[in-house]
Amino acid sequence: SIAAVLSKITTTNIAALIVGLTCIVLLLIGKEINLRFKKKLPVPIPMEIIVVIIGTGVSAGMNLSESYGVDVVGNIPQGLRAPAVPEIQLIPAIFVDAIAIAIVGFSMAVSMAKIFALKHGYTIDGNQELIALGICNSVGSFFQSFSVTCSMSRSLVQESTGGKTQIAGALSSVMVLLVIVAIGYLFEPLPQ
């Protein structure tokens, strides 16, 4: 509630507040530039990536974590986990929760797909979405991954930067894989 926020306002980390406000301002400026010069720019300026790079560099250069107590991402383990058979004995303990997560995740994925389908003039098949989510989660269970549904933030960012095909999603996935496998340690000083 607002009262709880105001009662703790004196404990605000000023450095973290400045970092957060600076990032918000940079993102808004980038969005405005992209909107104003949409016709003149061959591709939109990826301000989100630029803010991450600047934030990581400033945090590492000024040692914000130790000097000012700014929370950073911290240790990022490198590499992928080895495939393993899911622990079948956990099924009775998590079955009811898993059903609820599956229903909510499927409804979020389909509603997000319908929003983009209406916006861009195509149709979706709910059965195809259900099969795709089932396959992704079944394969992912052998790698101890999180449940796959939809990522509203990533979908909206991808759509706002002009990504309209599956190649944009594949490129995004390759970038995430690159971070996981090779360059994750570079993002350890990134402010949270």
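For the structure itself, consult the block above.
Summary of the structure given here. (Residues numbered from 1 in each chain as written. Predicted model: local features only at pLDDT ≥ 70, side-chain atom pairs only at ≥ 80, totals over all residues. Heavy atoms only, no water.)

For the rest of this paragraph, the subject is the overall build of the protein chain. Along its length, the protein chain carries eight helices and zero strands. In sequence order, the protein chain lays out its α and β elements as α-α-α-α-α-α-α-α. Considering only C-alpha atoms, the protein chain reaches an extent of 50 × 45 × 45 Å along its principal axes. Burial status across the protein chain gives 14% buried among its 192 residues. In the protein chain, the proportion of contacts linking residues at least 24 apart, taken out of those at least 6 apart, comes to 70%. Here the protein chain contributes 11 positive and 10 negative side-chain charges, whose respective centroids are spaced 14 Å apart. (Helix = DSSP H or I, 4+ residues; strand = E, 2+ residues; numbered from the N terminus. Buried < 20%, exposed > 50% of the residue type's maximum accessible area, 1.4 Å probe, protein only. Contact = heavy atoms within 4.5 Å. Lys, Arg positive; Asp, Glu negative; His and termini not counted. Charge placed at Lys NZ, Arg CZ, Asp CG, Glu CD.)

On to the environment of V85. When you line up the elements, V85 lands in the loop between helix 4 (64–68) and helix 5 (91–120). Taking the C-alpha atoms as reference, V85 lies 8.4 Å from F143; in sequence the two are 58 residues apart.

When you line up the elements, N34 lands in helix 2 (residues 14–36). In this structure the side chain of N34 is engaged in a polar contact, spanning 2.8 Å, whose partner is the backbone nitrogen of I45. Other than its neighbours up to four places away in sequence, N34 contacts L41, P44 and I45. (Polar contact = N/O pair within 3.5 Å; in protein donor to acceptor, adjacent residues only side chain to side chain.)

With that settled, the discussion passes to a nonpolar patch on the surface. Together, I14, L17, I18, L21, I24 and L28 make up an exposed nonpolar region whose accessible area comes to about 590 Å². Mapped onto the fold, I18 is located in helix 2. (Patch = residues over 30% accessible without salt bridge, like charges linked within 9 Å, V, L, I, M, F, W, Y side chains within 5 Å. Areas by Shrake-Rupley, 256 points an atom, 1.4 Å probe, with all protein chains shown as cover. Salt bridge = Lys/Arg side-chain N within 4 Å of Asp/Glu carboxyl O.)

Let us look at the nonpolar core. A109, M112, F116, L133 and C150 together form the largest nonpolar core, which totals five residues. Tallying contributions element by element places helix 5 first for this core, with three residues. Not counting residues within four places of it along the chain, the set of residues in contact with L133 comprises F106, A109, V148 and T149. (Core = buried A, V, L, I, M, F, W, Y, C linked by side-chain atoms within 4.5 Å.)

Between the first and last C-alpha of helix 2 there are 33 Å, a value that for 23 residues agrees with the 33 Å anticipated at 1.5 Å per step. Contacts from the buried residues of helix 2 go to helix 3 (47–62) and helix 4. For helix 2, the N-terminal cap is N13; the gap from its side-chain oxygen to the backbone nitrogen of A15 is 3.0 Å. (Expected span 1.5 Å × (residues − 1).)

Positive phi, close to 50°, is recorded for N63, a residue that is not glycine. Note on placement: N63 falls in the loop between helix 3 and helix 4. Even without a glycine there, the phi angle at Q144 is positive, about 55°. By the secondary structure assignment, Q144 is in the loop between helix 6 (126–141) and helix 7 (152–160).

Treat this as a map of the structure, not an account of what it does.
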